Amino acid sequence: MTDARDQQATTDDRLDDEVEFRRWSPKEVVEKQLLPYKSARVLKQKCYRREVFHHNDGGRITFTLDDIRRENERTAVTPAD
């Protein structure tokens, strides 16, 4: 028999792996509010101008978890002393 906690840990690990390799479209990024943009069109335009971290997968703009992390880090504001 497996313990319920062991099963939960295995499921959580699997979900973490899936999220790590997941690709989001600009529309999904805006809907889930993963980046501070209000429309997919504005986000795409910033990608076309190479102002935002992203991937061009076969001509389609996609975002990995690393892209989202890097973009959030890039736009972070440092508090004043």
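Description of the structure in this document.

Thresholds applied
- Residues numbered from 1 in each chain as written.
- Predicted model: local features only at pLDDT ≥ 70, side-chain atom pairs only at ≥ 80, totals over all residues.
- Heavy atoms only, no water.
- Helix = DSSP H or I, 4+ residues; strand = E, 2+ residues; numbered from the N terminus.
- Buried < 20%, exposed > 50% of the residue type's maximum accessible area, 1.4 Å probe, protein only.
- Contact = heavy atoms within 4.5 Å.
- Salt bridge = Lys/Arg side-chain N within 4 Å of Asp/Glu carboxyl O.
- Lys, Arg positive; Asp, Glu negative; His and termini not counted.
- Polar contact = N/O pair within 3.5 Å; in protein donor to acceptor, adjacent residues only side chain to side chain.

Let us look at the side chain of His-54. For His-54, the position within the fold is in the loop between helix H3 (40-48) and strand S1 (55-57). By relative accessible area, which is 19% here, His-54 ends up buried. Leave out the neighbours within four places in its chain, and His-54 touches Cys-47, Ile-61, Thr-62, Phe-63 and Asp-67.

Once that is clear, we can look at the pattern of salt bridges. Applying the stated criterion across every chain, the model contains 5 salt bridges. The partner of Glu-51 in a salt bridge is Lys-46, with the nearest N and O atoms 3.3 Å apart. Here Arg-74 makes a salt bridge to Glu-71, at a shortest N to O gap of 2.5 Å. On the criterion of helical spacing, the pair formed by Arg-74 and Glu-71 is a turn pair, its members being 3 residues apart in helix H4 (residues 65-74). Judged by its relative accessible area of 1%, Glu-71 is buried.

This next bit is on the side chain of Asp-67. Relative to the helices and strands, Asp-67 is located in helix H4. No salt bridge is formed by the buried Asp-67. Its closest oppositely charged neighbour is Arg-70, at 4.7 Å. When neighbours within four sequence positions are excluded, Asp-67 is seen to be in contact with Phe-53, His-54, His-55 and Thr-62.

Another aspect to go through is the environment of Thr-62. Within the secondary structure, Thr-62 is located in strand S2 (residues 60-62). The exposure class assigned to Thr-62 is buried, which follows from its relative accessible area of 5%. Distance in space between the C-alpha atoms of Thr-62 and Glu-28 is 9.6 Å, their sequence separation being 34 residues. Not counting residues up to four positions away in its chain, the partners in contact with Thr-62 are Arg-23, Trp-24, His-54, His-55, Asp-57 and Asp-67. A polar side-chain atom of Thr-62 sits 3.5 Å from a polar atom in the side chain of Arg-23.

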